[in-house]
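Summary of structural features
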Amino acid sequence: MGTEHSKNEERRSMVFLRKGPKLPAWEDALLAGREPKSLLKRGLRYVSLSLIMKGMTSTPDFLWGLHEVQKLNLSRNQLVMIPPSLGKLDRLVVLNLGGNCLKCLPKEIGLLRNLKVLFVNMNCLKEVPAELSLCRKLEVLSLSHNCISQLPLSFSDLTSLRKLNLSNNRFVQIPLCIFALRSLDFLHLGSNKLENIAESIQYLVNLQILIVENNNIRSLPRSLCYINTLELLNADYNAIQTLPDDLYLLRRLRRIAWNPMDKGLHIAHNPLSRPLPEVVEGGLDVLFNYLRDKKEHN
């Protein structure tokens, strides 16, 4: 009788365990006595580790011993800090820290000399460590949806940077260091507090996409018209009243665009002075012809 009772209790325990919440994969692995390296996935390009959406408030200590990891995803957790041990993962090429509660990054991030892609979007950053500029191979950087209002001057050393997202922050002006990033082809500064675009924008000679929507910009600089690589210029939702006469020089802008995903010129929801609203309604060719004629008669 006692034996039968024990078996019933064991069955109920097993059912309870099966129905209970599943442990995160890394905890499950460690409790089973498995080597942490067994969590790594070896793809064609990178040795990767994903700990996305694990509810972590701190990083597991074993992580900093996985020296071979090249792609690390810690996004969408509740991390409040990344320890200096991050610098031990010097083979990292891709690092995703997006969607956490980080208020700062460790200066040891500068030890990640192979880093090419870094996402720290949707956090609580107020500043960026100057040491990030030591990551000279960095090509893609997203700092969107933070509380950043300035960048360190050393940021200009990121000469390999091609794509930079600074949207949804607190920039009142475009940091001067950005104009030294001559390899940039994508720059997103939407939803900040910009009141103008400096004439120095012309130094971004490879820029293909510039997004400055939802700011307080009153006019577009003439120098912007000399970036003949521009394919998308989004200045929707600003305070722009006039357009530079030389705008027609941006020959890679193919249309007046209304869909946010479309390439072309986005100029909607601005207090354009007349007759510009009617001219814009006619399409890009009509607008360019108007600006060209206007310039010739001035």
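Residues numbered from 1 in each chain as written. Predicted model: local features only at pLDDT ≥ 70, side-chain atom pairs only at ≥ 80, totals over all residues. Heavy atoms only, no water.

One broad rule of soluble globular proteins: the nonpolar side chains tend to lie buried together. In terms of nonpolar packing, the biggest core is built from 82 residues, with Leu151, Phe155, Leu164 and Leu287 touching the most fellow members. The set of elements that each furnish at least two residues to this core consists of β2 (47-50), α3 (276-281) and α4 (284-296). Top contributing element to this core by residue count: α4, with four residues. When residues no more than four places from it in sequence are discounted, the contact partners of Phe155 are Leu132, Ser133, Leu141, Leu161, Leu164, Cys177 and Leu181. (Core = buried A, V, L, I, M, F, W, Y, C linked by side-chain atoms within 4.5 Å. Buried < 20%, exposed > 50% of the residue type's maximum accessible area, 1.4 Å probe, protein only. Helix = DSSP H or I, 4+ residues; strand = E, 2+ residues; numbered from the N terminus. Contact = heavy atoms within 4.5 Å.)

Glancing now at the pairing of β2. Successive side chains on a regular strand alternate, one facing one side of the sheet and the next facing the other. Where strand β1 (residues 41-42) lies against β2, two bridges are found, and the strand directions are antiparallel. Across the sheet, residue Arg42 finds its bridge partner in β2, namely Val47. Counting the residues that bridge the hairpin from β1 to β2 gives four residues. In the sheet, β2 pairs with strand β3 (residues 71-73) via three bridges, with the strands oriented parallel. When the sheet's bridge partners are listed, Ser50 is paired in β3 with Asn73. (Pairing = 2+ DSSP bridges.)

With respect to the helices and strands, the residue Asn96 is situated in strand β4 (residues 94-96). A distance of 2.9 Å separates a polar side-chain atom of Asn96 from the backbone nitrogen of Gly98. If we skip the residues at most four places from it in the chain, Asn96 touches Leu72, Asn73, Leu74, Ser75 and Phe119. (Polar contact = N/O pair within 3.5 Å; in protein donor to acceptor, adjacent residues only side chain to side chain.)

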